[in-house]
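As a plain string of letters, each chain reads:
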Amino acid sequence: MRTKEIKTIIHEYDSIDELSKEDIEIINKAKQAAQKAYAPYSKFNVGACVLLETGETIQGNNQENAAYPSGLCAERVAMFYANAEYPDVPVKTIAVCAYVNSKLLNEPVPPCGSCRQVLLESEMRFHLPIKIILIGENKILIIDNAKQLLPLNFNSNNFSS
Ligand code: THU
């Protein structure tokens, strides 16, 4: 028997001023996107902004539905739009934030399992890491790639191994 430990590295920042101009720009776009979320059921407004390798940015937000499972998270709305519109362009970074009662949450909101899986697929498809920026009022977390958020993941390599 062997016991293995998997490590996840998370960079934590106390202030947005510690980040690069590029990161600050997409953080602001994620915040803008959250204002346009359609979340009448949860009232949990999530915004995401994807930065492509070309410098193009794509915003997304959560889209809910009276038939609850038909809705989609902000991250996947942005990622699927990016991959649909620019199928050959890798995603470089995604920034995510959430508002309740028009207030940015103090704690960063981590992406759900399905969104992590979608981020991982895009990362593996282009063989380039996707930087994940999770925005809270009190702190900002940066994870260097999607794989770190989904250890022991299922991916296309499992079809033939
Ligand atoms: N949601 C997101 O958009 N992203 C996340 O990372 C977590 C959850 C959405 C789904 C649903 O519309 C609402 O937030 C409450 O779960």
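A quick note: this is a predicted structure, and the numbers were derived from the prediction, not measured.

Caption draft 1: Structural view of the packing of aromatic side chains. As enumerated under the stated definition, the model contains 2 aromatic pairs in all. When the ring of Tyr41 is compared with that of Tyr68, the centres are 5.5 Å apart and the planes differ by 45 degrees; the resulting orientation is tilted. One end of the pair, Tyr41, is in the loop between helix H1 (21–34) and strand S2 (45–52); the other, Tyr68, is in the loop between strand S3 (57–61) and helix H2 (74–85), and 27 residues separate them in sequence. Relative accessible area serves as the criterion here: at 59%, Tyr68 is assigned to the exposed category. With a centroid separation of 5.7 Å and an interplanar angle of 85 degrees, the aromatic rings of Phe154 and Phe159 are classed as edge-to-face. Judged by its relative accessible area of 49%, Phe154 is partly exposed.

Caption draft 2: Structural context of the pairing of S3. Bridge count for S2 against S3 is 5 bridges, and the pairing is antiparallel. Considered in S3, the bridge of Ala48 is made with Gly60.

Caption draft 3: Here's a closer look at a nonpolar patch on the surface. A surface patch of nonpolar side chains, amounting to about 370 Å² of accessible area, comprises Tyr38, Tyr41 and Tyr68. Residue placement: Tyr38 occurs in the loop between H1 and S2.

Caption draft 4: Examining the site of the ligand more closely. Around the ligand, a shell composed of Ser42, Phe44, Val46, Asn62, Glu64, Cys73, Ala74, Glu75, Val109, Pro110, Pro111 and Cys112 is seen. In this structure, Asn62 approaches the ligand through a side-chain N or O atom, which is 3.0 Å from an oxygen atom. The side chain of Glu75 places a nitrogen or oxygen atom 2.6 Å from an oxygen atom of the ligand. Coverage of the ligand by the protein amounts to 75% of the 370 Å² it exposes when considered alone. Of the residues assigned to the shell around the ligand, the class counts are 8 nonpolar, 2 polar and 2 charged.

Caption draft 5: Expanded view of unusual backbone geometry. Look at Ser102: it is not a glycine, yet its phi comes out positive at around 65 degrees. Along the chain, the position of Ser102 falls in the loop between strand S4 (91–100) and strand S5 (103–104). Overall, Ser102 belongs to the exposed group, its relative accessible area being 70%. We note that His127 has phi near 55 degrees; this positive angle belongs to a residue other than glycine. One can find His127 in the loop between helix H3 (113–126) and strand S6 (131–135).

Caption draft 6: Layout of a negative patch on the surface. A cluster of like negative charges, contributed by Glu12, Asp14, Asp17 and Glu18, occupies part of the molecular surface. In this fold, Glu18 is placed in the loop between strand S1 (11–13) and H1.

Caption draft 7: Structural view of the state of the cysteines. Using the criterion set out here, one finds 0 disulfides in the structure. For the unlinked cysteine Cys49, the closest cysteine sulfur is that of Cys97, found at 9.9 Å. Looking at Cys49, the relative accessible area reads 0%, which means it is buried. Judged by its relative accessible area of 0%, Cys97 falls in the buried class.

Cut-offs used in this document
Residues numbered from 1 in each chain as written. Predicted model: local features only at pLDDT ≥ 70, side-chain atom pairs only at ≥ 80, totals over all residues. Heavy atoms only, no water. Phe/Tyr/Trp six-rings, centres within 6.5 Å; stacked < 30°, edge-to-face > 60°. Helix = DSSP H or I, 4+ residues; strand = E, 2+ residues; numbered from the N terminus. Buried < 20%, exposed > 50% of the residue type's maximum accessible area, 1.4 Å probe, protein only. Pairing = 2+ DSSP bridges. Patch = residues over 30% accessible without salt bridge, like charges linked within 9 Å, V, L, I, M, F, W, Y side chains within 5 Å. Areas by Shrake-Rupley, 256 points an atom, 1.4 Å probe, with all protein chains shown as cover. Salt bridge = Lys/Arg side-chain N within 4 Å of Asp/Glu carboxyl O. Near = heavy atom within 4 Å. Polar contact = N/O pair within 3.5 Å; in protein donor to acceptor, adjacent residues only side chain to side chain. Nonpolar A, V, L, I, M, F, W, Y, C, P; charged D, E, K, R; others polar. Lys, Arg positive; Asp, Glu negative; His and termini not counted. Charge placed at Lys NZ, Arg CZ, Asp CG, Glu CD. Disulfide = S-S within 2.5 Å.

Note that all results are geometric; they support no functional claim without further evidence.
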